[in-house]
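# Report on the structure
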Amino acid sequence: MYTYEHPHPSVTTDCVVFGFDGESLNLLLIERGIEPYKGTWALPGGFVRMNETAEEGALRELQEETGVEDIYVEQFHTFTAVDRDPRERVMTIAFLAFVRQEKYSVIAGDDAVQAKWFPVKDLPELAFDHQEIIRMALDKLRWKIMYEPLVFHLLNKSFTMTQLLTIYEVVLGHELDRRNFHKKMLTLGYVVPTKERVRSVGRPGTLYAFDEEKYKEQIWNRNVF
């Protein structure tokens, strides 16, 4: 039994899980089965329990409502608008994830009627302030993809330059110059050609790989004073 001298807000978590299916950027949503906003689509999430951290609560709710588990999530913002939840004063801690869709089976559970991937470009009407949360998450994702090797976790061990280009274009939301992109990737030093070739129309194409050791070495050297 918990009693408090001063009024205090409740705390929830919301998970913004972006998925890449090889062609488009999608978002994992659930259809709410309870009020408020019953029947409306929303981010997976819920109230944090007294015996868990915010991250533990986020991962639990994600698993209970969508069946998705064992993923890496990163906290990116806390939303504290006074009237964001019609039930009571609620602050939510938002977490971000970026996954390869084919690795996860989505199954609705708990108070979610459905769980489904939606194209980011064609989202349904959303509950609470989830449109704002998603907008900020997209901005964060677009920033991170320029400075962290997120995309390589969505590709096979070896990949074509076209596959790599596709992910960047989908996340950034615009086309990139193919030739300049190729040069830029090779200049980085950690996107390296392999001896493998992929068969296509005409001359076999080169397959590339992400050299994590070279990436870590660059990060280390960049931070040495």
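Okay, so let's go over this structure.

Rules of the game
- Residues numbered from 1 in each chain as written.
- Predicted model: local features only at pLDDT ≥ 70, side-chain atom pairs only at ≥ 80, totals over all residues.
- Heavy atoms only, no water.
- Salt bridge = Lys/Arg side-chain N within 4 Å of Asp/Glu carboxyl O.
- Helix = DSSP H or I, 4+ residues; strand = E, 2+ residues; numbered from the N terminus.
- Buried < 20%, exposed > 50% of the residue type's maximum accessible area, 1.4 Å probe, protein only.
- Axes fitted to C-alpha atoms, helices over the stretch in contact; angles between N-to-C directions.
- Parallel < 35°, antiparallel > 145°, perpendicular 65-115°, else oblique.
- Left-handed = near helix turned anticlockwise from the far one by under 90°.
- Contact = heavy atoms within 4.5 Å.
- Nonpolar A, V, L, I, M, F, W, Y, C, P; charged D, E, K, R; others polar.
- Pairing = 2+ DSSP bridges.
- Expected span 1.5 Å × (residues − 1).
- Core = buried A, V, L, I, M, F, W, Y, C linked by side-chain atoms within 4.5 Å.

The subject of this paragraph is the pattern of salt bridges. In the structure shown here, the tally under the stated rule is 11 salt bridges. Between Arg 49 and Glu 64 there is a salt bridge, and its shortest N-O distance comes to 3.8 Å. Remark: Glu 64 occurs in helix H1 (residues 54-66) and Arg 49 occurs in the loop between strand E4 (45-47) and H1; sequence separation between them is 15 residues. The exposure class of Glu 64 is partly exposed, given its relative accessible area of 23%. Between Glu 74 and Lys 144 there is a salt bridge, and its shortest N-O distance comes to 3.0 Å. Of this pair, Glu 74 sits in strand E5 (residues 74-79) while Lys 144 is found in helix H2 (residues 130-147), placing the two residues 70 residues apart along the sequence. Take Glu 74: its relative accessible area is 22%, and that puts it in the partly exposed class. Given the relative accessible area of 4%, Lys 144 is considered buried.

In this section: the packing of H2 against helix H3 (residues 161-172). Running from N to C, H2 and H3 point in directions that differ by 150 degrees, and their axes come no closer than 9 Å. The orientation of H2 relative to H3 falls into the category roughly antiparallel. Considering the relative orientation of H2 and H3, their crossing is left-handed. Residues Leu 141, Arg 142, Ile 145 and Met 146 of H2 form the contact with H3, whose own contacting residues are Ile 167, Tyr 168, Val 171 and Leu 172. Of the residues assigned to the contact of H2 with H3, the class counts are 7 nonpolar, no polar and 1 charged.

With that settled, consider the sheet that holds strand E9 (residues 191-198). Here 3 strands make up an open sheet; going across it, the order is E8-E10-E9 and the pairing antiparallel. Across the chains shown, the open sheet's two edge strands, defined by having one partner strand only, are strand E8 (158-159) and E9. Judged from the 2 bridges that link them, E8 and strand E10 (residues 205-210) form a sheet pairing that is antiparallel. Note on E10: the bridge partner recorded for Ser 158 is Ala 209.

Below, the discussion takes up H3. In this model H3 runs 17 Å from its N-terminal to its C-terminal C-alpha over 12 residues, within 8% of the 16 Å that 1.5 Å per residue would give. Buried residues of H3: Met 161, Leu 164, Leu 165, Ile 167, Tyr 168, Val 170, Val 171 and Leu 172, and no others. Once H3 finishes, Gly 173 follows within two positions and takes phi at roughly 85 degrees, a positive value.

Nonpolar side chains tend to gather and get buried jointly when the protein is soluble and globular. The biggest cluster of nonpolar side chains holds 43 residues, and the ones touching the most others in it are Val 16, Phe 18, Leu 25, Phe 98, Phe 152, Leu 164 and Val 191. Contributions of two or more residues to this core are made by strand E1 (10-20), strand E2 (25-32), E5, strand E6 (90-100), H2, H3, helix H4 (178-188) and E10. Grouped together as the second largest cluster of nonpolar side chains are 15 residues, Val 17, Ala 54, Leu 62 and Ala 97 included.

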